[in-house]
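# Overview (structure and organization)
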Amino acid sequence: MATEIKEVELEYGERPDCCGQHKHTPRSEELVRDADRRINRAIGQLNGVKAMLDDNRYCGDVLTQLAAAESAIKAVSRIILKEHLETCVVERVQAGDTEVVDEVMDLLKKFGA
């Protein structure tokens, strides 16, 4: 009996659940608005960096703008990580799935924590 393997094309960072479907996490409107605002700020700062480089601006000013963009991205990461811990991780641990702890540890490594 041959087993058919279903190939799923994923975007970067997406993970299928056990049935090949993408996991979805409902988020509050407030969290989404806050994250959107911070991401838009980072995008604006990165566009500013690009313009500064195109204009051959002073390196110190470019680095300051890069630091601001990095800070905005880290703030979004902290918000999403906190939400993940309070919802997804808690639910999975309560359901007996302690493998989520390894996932959290891997995530923390990615953010230098």
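Not measured: the values here are computed from a predicted model.

In this section: helix 1 (residues 29-54). For helix 1, which comprises 26 residues, the first-to-last C-alpha distance of 37 Å matches the rise-based estimate of 38 Å (1.5 Å per residue) to within 8%. Of all the positions in helix 1, only Leu31, Asp34, Ala35, Ala42, Gln45, Val49 and Met52 are classed as buried. Here the buried face of helix 1 lies against helix 2 (59-94). Remark: asparagine 56 follows helix 1 within two positions and exhibits a positive phi of approximately 55 degrees.

Working note: a packed helix pair is described by the angle between its axes plus the distance between those axes. Packing of helix 2 against helix 3 (residues 100-110) brings their axes to within 10 Å, and their N-to-C directions diverge by 165 degrees. With respect to helix 3, the element helix 2 is oriented roughly antiparallel. Of the two possible hands of crossing, helix 2 and helix 3 adopt the one that is right-handed. Facing helix 2, whose interface residues are Leu81, His84, Leu85, Val89, Arg92 and Val93, helix 3 presents Val100, Glu103, Val104, Leu107 and Leu108. Residue composition of the contact of helix 2 with helix 3, grouped by class: eight nonpolar, one polar and two charged.

Before going further, it helps to examine the confidence of the model for the protein chain. On average, the protein chain scores 83 in pLDDT, and the residues at 70 or more come to 80%. Below a pLDDT of 50 lies the segment residues 1-21, which in the model reaches 13 contacts outside its immediate sequence neighbourhood of four places, other chains included.

Next up on the list: the packing of helix 1 against helix 2. Interaxial distance between helix 1 and helix 2 falls to 9 Å at its minimum, and their mutual angle equals 160 degrees. Between helix 1 and helix 2, the angle is such that the two are roughly antiparallel. When the axes of helix 1 and helix 2 are compared, the crossing they make is left-handed.

Let us now look at the environment of methionine 52. Note on placement: methionine 52 falls in helix 1. Taking the C-alpha atoms as reference, methionine 52 lies 6.5 Å from valine 62; in sequence the two are ten residues apart. Once you skip the residues sitting within four places of it in the chain, methionine 52 turns out to touch Arg57, Asp61, Val62 and Gln65.

Let us now look at unusual backbone geometry. With a phi angle near 55 degrees, asparagine 56 is a residue other than glycine that sits in the positive phi range. Counting through the fold element by element, asparagine 56 comes out in the loop between helix 1 and helix 2.

Parameters at a glance
Residues numbered from 1 in each chain as written. Predicted model: local features only at pLDDT ≥ 70, side-chain atom pairs only at ≥ 80, totals over all residues. Heavy atoms only, no water. Helix = DSSP H or I, 4+ residues; strand = E, 2+ residues; numbered from the N terminus. Expected span 1.5 Å × (residues − 1). Buried < 20%, exposed > 50% of the residue type's maximum accessible area, 1.4 Å probe, protein only. Contact = heavy atoms within 4.5 Å. Axes fitted to C-alpha atoms, helices over the stretch in contact; angles between N-to-C directions. Parallel < 35°, antiparallel > 145°, perpendicular 65-115°, else oblique. Left-handed = near helix turned anticlockwise from the far one by under 90°. Nonpolar A, V, L, I, M, F, W, Y, C, P; charged D, E, K, R; others polar. pLDDT = per-residue confidence, 0-100.

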